[in-house]
Amino acid sequence: MTSTPTETRPFRMTDLGTLVLLPWSGAAADGGDLPYLLAYSLGDAEGGPQATSAAVEGLLAGNGLRVGGGLVDGTAGARTAVSLFLEAGQAFVTMPELGARCAAPPEWLAAVAERGYAYLVFTTRPWPEGRPGRPIEPAALAAFAGAEQTLRAAAHVLLPALTPR
């Protein structure tokens, strides 16, 4: 008789691979700019893209975020373990197990200042072409970030922007 192990593997940060946080802003229905943050992995963990996707999904679930679920509106009081902090032109996204930061362009910072929040799309879909330090063409970003496959494989959160007092 064979049995399937029921033991779950403990979360290891290295299973996520290289995580990237990418800010951009785009036109919203109200005519203003909407600041977005795209969080994704390059899929370069030891187990490859599938293992990376599973690790990202586990990280999100462990922090109360459902992949493919509805929008979590942190601006309307929805409790979330994710936070956004802005300081010195940098955006910091934190969770209990994770901290990520990125340089934010002036137009993104202006959109956040106007709205008071950013829209986080944290996807389990790896994007090896979106390497940090390399220019990303707007069309390539739009194709990846706007793809139904990317959006369905993501948690969506409106994050209030916190700043130093």
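Below you will find a few notes about this structure. (Residues numbered from 1 in each chain as written. Predicted model: local features only at pLDDT ≥ 70, side-chain atom pairs only at ≥ 80, totals over all residues. Heavy atoms only, no water.)

## Structural notes on the overall build of the chain
When helices and strands are counted, the chain shows four helices and eight strands. Taken from N to C terminus, the helices and strands of the chain fall in the order β-β-α-β-β-β-β-α-β-α-α-β. Scaling as 2.2 N^0.38, a compact globule of 165 residues should have a C-alpha radius of gyration of about 15 Å, and the chain matches this with 16 Å. With respect to the three principal axes, the spread of C-alpha positions in the chain is 65 × 35 × 30 Å. Nonlocal contacts in the chain, meaning residues at least 24 apart in sequence, comprise 68% of its contacts between residues at least 6 apart. Here the chain has roughly 9,300 Å² of accessible surface; of this, 54% comes from carbon and sulfur atoms. Distance between charge centroids for the chain: 3 Å, based on 11 positive and 15 negative side chains. (Helix = DSSP H or I, 4+ residues; strand = E, 2+ residues; numbered from the N terminus. Rg over C-alpha atoms; globule rule 2.2 N^0.38 Å. Contact = heavy atoms within 4.5 Å. Areas by Shrake-Rupley, 256 points an atom, 1.4 Å probe, with all protein chains shown as cover. Lys, Arg positive; Asp, Glu negative; His and termini not counted. Charge placed at Lys NZ, Arg CZ, Asp CG, Glu CD.)

## Topic: the packing of aromatic side chains
Counted under the stated rule, the structure contains six aromatic pairs. On the numbers, 5.6 Å between centres and 45° between planes, the contact of tyrosine 36 with tyrosine 119 is tilted. Of this pair, tyrosine 36 sits in strand 2 (residues 33–41) while tyrosine 119 sits in strand 7 (residues 117–123), placing them 83 residues apart in sequence. Within the aromatic cluster, the residues linked to one another by ring pairs are Trp24, Tyr36 and Tyr119. (Phe/Tyr/Trp six-rings, centres within 6.5 Å; stacked < 30°, edge-to-face > 60°.)

## What to know about helix 2 (residues 106–115)
Looking only at helix 2, the buried set comprises Trp108, Ala111, Val112 and Arg115. Seen from one end, helix 2 has its buried residues packed into an arc of 100°, which puts them on one side. Every exposed residue of helix 2 that faces more than 90 degrees away from the buried side is listed here: Pro106, Ala113 and Glu114. Those residues of helix 2 hidden inside the fold are in contact with strand 1 (19–27), strand 2, strand 4 (83–87), strand 5 (90–95), strand 7 and strand 8 (154–162). Positioned one or two residues after helix 2, glycine 116 has a phi angle of 85°, which is positive. (Buried < 20%, exposed > 50% of the residue type's maximum accessible area, 1.4 Å probe, protein only. Arc of directions from axis to C-beta.)

## Observations concerning the pairing of strand 1
Pairing analysis gives nine bridges linking strand 1 to strand 2, with the strands arranged antiparallel. Looking at the pairing, serine 25 lines up with proline 35 of strand 2. (Pairing = 2+ DSSP bridges.)

## Observations regarding the pairing of strand 4
Side-chain alternation along strand 4 places Leu84 and Leu86 on a buried face and Ser83, Phe85 and Glu87 on a face that remains uncovered. Pairing between strand 4 and strand 5: five bridges, direction antiparallel. Residue pairing in the sheet places leucine 84 in a bridge with valine 93 of strand 5. Linking strand 4 to strand 5, which pair antiparallel, is a turn of two residues; within it alanine 88 sits at a positive phi near 50°. Two strands pair when backbone bridges link them, and strand 4 and strand 8 are joined in this way by two bridges, in the parallel orientation. By the bridge assignment, phenylalanine 85 is partnered in strand 8 with leucine 162.

## Some points on the pattern of salt bridges
Counted under the stated rule, the structure contains two salt bridges. Close ionic contact of glutamate 148 with arginine 152 constitutes a salt bridge, the shortest N to O distance being 2.5 Å. In this pair, glutamate 148 and arginine 152 both sit in helix 4 (residues 148–152), four residues apart, roughly one turn of the helix. (Salt bridge = Lys/Arg side-chain N within 4 Å of Asp/Glu carboxyl O.)

## So, the side chain of arginine 115
Within the element layout of this structure, arginine 115 appears in helix 2. Here the side chain of arginine 115 touches aspartate 30 through a polar contact of 2.7 Å, side chain to side chain. Arginine 115 has contacts with Ala28, Asp30, Gly32, Asp33, Leu34 and Pro35, leaving out every residue within four places of it along the chain. (Polar contact = N/O pair within 3.5 Å; in protein donor to acceptor, adjacent residues only side chain to side chain.)

Don't take any of this as a statement about function, it's just geometry.
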